[in-house]
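# Residue-level structural notes
Okay, here's what each chain looks like letter by letter:
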Amino acid sequence: MKSKFYITTPLYYVNASPHIGHSYTTIAADVLSRYMRKKLGEENVWFLTGTDEHGQKIEKAAEAAKLTAQGFADCVVLKFKELWKGLNISYNDFIRTTEERHVKTVKNALEILYKKGDIYEDKYVGWYCTPCETFWIDSQVIDENCPDCKRKVERISETNYFFKLTKYQDWLLSYIKDNPDFIKPDSRKEEVLRFLELNKLNDLCISRPKERLSWGIPLPFAPGHVTYVWFDALVNYISAVGEFNADGKYQSRWWPAQLHLMAKDILRQHAVYWPIMLHALGIEMPESIFAHGWWMLEEEKISKSRGNVVNPVDIVRRYGLDAYRYFLLRDVPFGLDGNFSEEAVIKRYNSDLANDLGNLVYRTLTMIEKYFDGNIPDSKEGRIKYDLKGQKIINLIEGEDFVFKKVVGKAIEDYNFSQSLTEIWNIINLANKYVEETKPWNLAKESKQKELRAFITVLVKVIRNVAEELMPFMPDTSSAILEQLGKDKINKGDPLFPRLLS
RNA sequence: CGCGGGGUGGAGCAGCCUGGUAGCUCGCAAGGCUCAUAACCUUGAGGUCCUGAGUUCAAAUCUCAGCCCCGCAACCA
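Residues numbered from 1 in each chain as written. Chains lettered and ligands numbered in written order. Predicted model: local features only at pLDDT ≥ 70, side-chain atom pairs only at ≥ 80, totals over all residues. Heavy atoms only, no water.

This part takes up helix α18 (residues 449-470). The terminal C-alpha atoms of α18 lie 31 Å apart, and with 22 residues this matches the ideal 32 Å at 1.5 Å per residue to within 8%. Of all 22 residues in α18, 16 are buried, a share of seventy percent or more. (Helix = DSSP H or I, 4+ residues; strand = E, 2+ residues; numbered from the N terminus. Expected span 1.5 Å × (residues − 1). Buried < 20%, exposed > 50% of the residue type's maximum accessible area, 1.4 Å probe, protein only.)

What follows is the structure in structure tokens.
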């Protein structure tokens, strides 16, 4: 692990409002960023997100909304930014592909590749599906219909510009093989490898004539054409954190990225197009690319006809922000697909947050009020003699090896968020058991103050450590817990997660 | 021969790569306890690990064949 951490989400396409999927990727990136800031220091972490705003779909959507393309994009960007604020996303930078810094870098990149001969002009003859913005060759088209959307395709013949993917296919294949951590998880890496082994890449058409698409970045060497969306969008990862100097050398404090995070549907672009673009530009590869799974909406069939789609804002309003963040990262191992349902959210909320965590904090606070008059016993006051079980727990959290901290951190660094949370819950459960085994109410009756003091100290330490480790996942909850335990006089107040009736 | 994911106690999953007493969470049942949010703790019931064949001393785990389910849509993470 390097001493700095640059992480990105994909640029979200602004042809509509953000949904659960966007929030998933971004929350995961946020958790990693927060964790890394704690580990490496604030100044050594850079978290980038943003929006992809060019292309035909945007142009069309804007038209439908009776706005200019830029005006339309501006509106949707606001929605994204609002959502990120609502989800407590701690991004350092938000880049839009319509910003000058980005446009400039894209143009530079295009120019460099053109001069180098990696972009060339050619006549394209074939079929084009306007709604899909996709080119098809004869064999793919079925009765002059788009194989994807089944609508009529147009026969077109036009001059376009192509990027020489073919030239670098072998290089990419061996790069991926030589760098086993480049594409994660492994199953995805295998997918890409197999794809590269079994197929011959086609050169990528990276332009659209202006007559057909005006909403894009013009090619510097062919002003009658604009760039294709993916060529535009991927470049953001470098345009946001650096620039090309006069010699065409890219310079940046943050590059290369430690991690590009995305969902599995855009792995191809990130694992094939992007590395080749970088390589052709003479730029270092990102350290790794991670493709996570999808959330399947359980009520999908219903929601399609009824039109009520799961909206992150609604879930947060109903169950709270941290419950949402917790659910997404806990319920399904990162990388696999999951099923989203409110029922599942409620289950997690009640059993994990209310019964386990919330209740542990609450019962502990109550005991501090009851047995110690609201003052947390000072652990410095004399040596504390823990009982055997208490000592075991203390060893886990503050023994030489800091086992607890280590296993939680290790899982996060492996991008295994659910595992990390499971480890945290293991110690929460251990603490709940410890209460049962120690029976503090008996100690109180027998006025065993010393024992009681040691007992409470164990619980307080567990809770503090849990809050500490939970910070990247549930920042608000962690702060609330630490604040409560930081007061001179405990006032337990309301439970953190009141049970929900389902 | 389209692509991809998957079939493990009532539900949701882990285990499979690197074969060797089948594990977790929820639910259910009984009991315990009272500091606590009808919470917490203990114990228990419940499984042909899709089918068949093969490899092996040994297969949920490896090989082959077959069956079945899901997505391939949108706001596409």
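Structure's up, so let's keep going.
All right, on to the pairing of strand β1 (residues 5-13) then. Taken across its nine residues, β1 has eight buried, putting it largely inside the fold. When β1 meets strand β2 (residues 45-52), the two strands line up parallel, connected through seven bridges. Bridging from a neighbouring strand, Y12 pairs with T51 of β2. With helix α1 (residues 20-40) bridging β1 and the parallel β2, this β-α-β connection has right-handed handedness. (Pairing = 2+ DSSP bridges. Right-handed = clockwise from strand over helix to strand, strands pointing away.)

Let's shift gears to the sheet that holds strand β3 (residues 93-96). Two modes of strand pairing occur in sheets, parallel and antiparallel, and in both the strands are linked by backbone hydrogen bonds. Strand order in this open sheet of six strands is β3-β2-β1-β14-β15-β7, and the pairing throughout is parallel. If you trace the sheet from one side to the other, it starts and ends with β3 and β7 (183-184), each paired once. Here four bridges tie β2 to β3, and the two strands are oriented parallel to one another. Bridge pairing links L48 to D93 in β3. Where helix α3 (residues 69-86) meets the sheet, it contacts β1, β2 and β3, and its direction lies at approximately 160 degrees from that of β3. (Contact = heavy atoms within 4.5 Å. Axes fitted to C-alpha atoms, helices over the stretch in contact; angles between N-to-C directions.)

This next bit is on the packing of aromatic side chains. Aromatic rings considered in pairs are described by the distance between their centres and by the relative angle of their planes. Enumeration over the complete set of coordinates arrives at 28 aromatic pairs. Each ring, one from Y6 and one from W255, has its centre 6.2 Å from the other, and the planes form 70 degrees; the classification is edge-to-face. Of this pair, Y6 sits in strand β1 while W255 is found in the loop between β13 (250-252) and β14 (259-263), placing the two residues 249 residues apart along the sequence. For the pair formed by Y6 and W255, the shared burial category is buried. Counting every residue linked through ring pairs, the aromatic cluster contains Y24, F290, W295, F327, F334, F340, Y415, F417 and F473. Note that R253 overlies the ring of W254, its terminal NZ or CZ placed 4.1 Å from the centroid. Positioned over the ring face of W294 is K264, at 4.9 Å from the centre of the ring. (Phe/Tyr/Trp six-rings, centres within 6.5 Å; stacked < 30°, edge-to-face > 60°. Lys NZ or Arg CZ within 6 Å of the ring centre and 35° of its normal.)

Just distances and angles here, no functional claims.
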